Amino acid sequence: MKAINQIIRDLREDRDLRQSDIAAVLGTTQQHYSRCEKGESQLSTRSIIALADFYHVSTDYLLGRTDCKQGVDVLNQQIAEGYSTGRFLTDVLSLSIVGRCAVAEYLKLQLLKEEVEQKGLL
């Protein structure tokens, strides 16, 4: 896993932003933010949350705890009536390994079906 300083630098550079742009979002100086990107200074909890909200990623992603960039807004997104992405993940993870494999196989089949339909092959 990457360190937080590399992750925040990559996120900034991917969006062609300057350090001063992000410093303004965080209410700090460019110099302080530069030190954070170099790993010479730590971001506050408030700053980590602000960056997660700004980039629409999870705080766990920023902290290098997961490769999944999806933030809380995606977990709270409704995927069906009264059913959020987060609840879906929780329910799938509560299944046995056999049940999880069955869900994964069904998902693959559904994706294949939709791909075939989009290409007009059905």
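Before reading on, note that the structure itself is shown above.
None of these values were measured; they are calculated from a predicted model.

Conventions used here
- Residues numbered from 1 in each chain as written.
- Predicted model: local features only at pLDDT ≥ 70, side-chain atom pairs only at ≥ 80, totals over all residues.
- Heavy atoms only, no water.
- Axes fitted to C-alpha atoms, helices over the stretch in contact; angles between N-to-C directions.
- Helix = DSSP H or I, 4+ residues; strand = E, 2+ residues; numbered from the N terminus.
- Parallel < 35°, antiparallel > 145°, perpendicular 65-115°, else oblique.
- Contact = heavy atoms within 4.5 Å.
- Nonpolar A, V, L, I, M, F, W, Y, C, P; charged D, E, K, R; others polar.
- Buried < 20%, exposed > 50% of the residue type's maximum accessible area, 1.4 Å probe, protein only.
- 1 Å grid on protein atoms, 1.4 Å probe; cavity = no way out; pocket = protein on both sides within 12 Å on 5 of 7 lines; lining within 4 Å.
- Points joined across faces, edges and corners; volume = space filled by probe spheres on them.
- Phe/Tyr/Trp six-rings, centres within 6.5 Å; stacked < 30°, edge-to-face > 60°.
- Expected span 1.5 Å × (residues − 1).

Colleague: Honestly, the packing of helix α2 (residues 19-26) against helix α3 (residues 30-38) in this entry has me stumped. Any pointers?
Modeller: In a packed pair of helices, the relevant descriptors are the angle between the two axes and the axis-to-axis distance. Between α2 and α3, the least distance of the axes is 8 Å, while the angle of their chain directions is 105°. Judged on the interaxial angle alone, α3 and α2 are roughly perpendicular. Packed against α2, whose contacting residues are Gln19, Ser20, Ile22, Ala23 and Leu26, the element α3 presents Gln30, Tyr33, Ser34 and Glu37 at the interface. The class makeup of the residues in the contact of α2 with α3 is four nonpolar, four polar and one charged.

Colleague: Looking at this model, I keep getting lost on the environment of Cys101. Mind explaining?
Modeller: The topology assignment puts Cys101 in helix α8 (residues 97-118). What makes Cys101 partly exposed here is its relative accessible area of 41%.

Colleague: Would you mind showing me how to read the layout of surface pockets here?
Modeller: Once rolled over the atoms, a probe with the size of a water molecule shows which space is left empty. Estimated volume of the largest pocket: approximately 180 Å³. Taken together, the elements giving at least two residues each to the lining of the largest pocket come down to α6 (72-75) and α7 (85-93). Sort the elements by how many residues they give to the lining of the largest pocket and α6 lands first, with three residues. Considering only residue class, the lining of the largest pocket consists of five nonpolar, five polar and one charged.

Colleague: Where do I start with the packing of aromatic side chains in this structure?
Modeller: Two aromatic rings are characterised by how far apart their centres lie and by the angle between their planes. Tallied over the full model, the rule gives two aromatic pairs. Ring geometry for Phe54 and Tyr55: centres 5.0 Å apart, planes at 75°, overall edge-to-face. For Tyr55, a relative accessible area of 3% puts it in the buried group. Relative to Phe88, the ring of Tyr83 lies with its centre 6.4 Å away and its plane at 75°, an arrangement referred to as edge-to-face. On the basis of relative accessible area, Phe88 is assigned to the partly exposed category, the value being 33%.

Colleague: Is there a simple way to think about α8 in this case?
Modeller: Each α-helix turn comprises 3.6 residues. Residues three or four places apart therefore point the same way. In a regular helix each residue adds 1.5 Å, so 22 residues correspond to 32 Å; α8 covers 32 Å between its end C-alpha atoms and thus fits that length. Looking one or two places after α8, you find Gly120, whose phi comes out positive at around 70°.

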